[in-house]
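# A look at the structure
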Amino acid sequence: MADPTRRAVFERLGSGPKPVAEIARGMAVSRPAVSQHLKVLKAAGLVSDHPEGTRRIYTIDPQGLRALRDWLDRFWDEALENFRVEAEAKTEKDRS
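Anyway, here's the lowdown on the structure attached to this text. Computed from a prediction, not measured in an experiment: that's the story for all the values here.

This part covers the overall build of the protein chain. Scanning the protein chain from N- to C-terminus turns up 4 helices and 3 strands. Each helix and strand of the protein chain, ordered N terminal to C terminal, gives the series α-β-α-α-β-β-α. Against the globule reference of 12 Å for 96 residues, the protein chain gives a C-alpha radius of gyration of 20 Å, more extended than a compact globule. Across its three principal axes, the protein chain shows a C-alpha extent of roughly 75 × 25 × 20 Å. Expressed as a percentage of the 96 residues in the protein chain, the buried residues total 24%. The long-range fraction of contacts in the protein chain, counting pairs at least 24 apart against all pairs at least 6 apart in sequence, stands at 42%.

Right under this line is the structure:
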């Protein structure tokens, strides 16, 4: 998700399932490049696809997104806990 183009591809799926051509429309990269980004997102478990005629339709995979959210929340929880410990230590020091 660090790549801005990959993020843009992922964000375009936020409004619902789409084929590659629709995702790529208006982007500064080619359809094959969008397909490569989708391949990476699929390997990461963030998108899934299914055939619809001759096209593949991509959608955000809620389970993969949930796993990413849980992973990020773990870091946020740890950061908040570290902040709490530091704040309490400062308060104790100020009281002394």
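Time to look at the sheet that holds strand β2 (residues 47-52). Strand order across the open sheet formed by 3 strands is β1-β3-β2, with antiparallel pairing between neighbours. For this open sheet the edge positions go to β1 (18-19) and β2, each flanked by a neighbour on one side alone. Direction of pairing for β2 relative to strand β3 (residues 55-60): antiparallel, over a ladder of 6 bridges. Directly across from S48, in β3, lies its bridge partner T59.

On to the environment of R56, then. For R56, the location among the structural elements is in strand β3. A relative accessible area of 38% places R56 in the partly exposed class. Taking the C-alpha atoms as reference points, R56 and P19, separated by 37 residues in sequence, lie 5.8 Å from one another. Those residues in contact with R56 that sit more than four places away from it in its chain are K18, P19, V20, D49, H50 and P51.

Cut-offs and rules
- For every chain, the first residue of its written sequence is number 1, and the numbers climb from 1 along that sequence.
- Where totals are concerned, whole chains, interfaces and linings use all residues; where local detail is concerned, this predicted model gives features only for residues with pLDDT of at least 70, and gives and counts side-chain atom pairs only at 80 or more.
- In computing side-chain values, all of the structure's heavy atoms are included and hydrogens and water are not.
- Labels follow the DSSP assignment, with helices taken as runs of H or I lasting at least four residues and strands as runs of E lasting at least two, numbered in each case from the N terminus.
- Each radius of gyration is computed over the set of C-alpha atoms, and the globule rule expresses the reference value as 2.2 Å times the number of residues to the power 0.38.
- Any residue under 20% of the maximum accessible area for its type is buried, any over 50% is exposed, and the rest in between are partly exposed; the area is computed with a 1.4 Å probe on protein chains only.
- Residue contacts are defined here by distance: any two heavy atoms, one from each residue, within 4.5 Å place the two residues in contact.
- Note on pairing: DSSP must find at least two bridges between two strands before they are called paired.

Interpretation note: all reported values are geometric properties and have no functional meaning in isolation.
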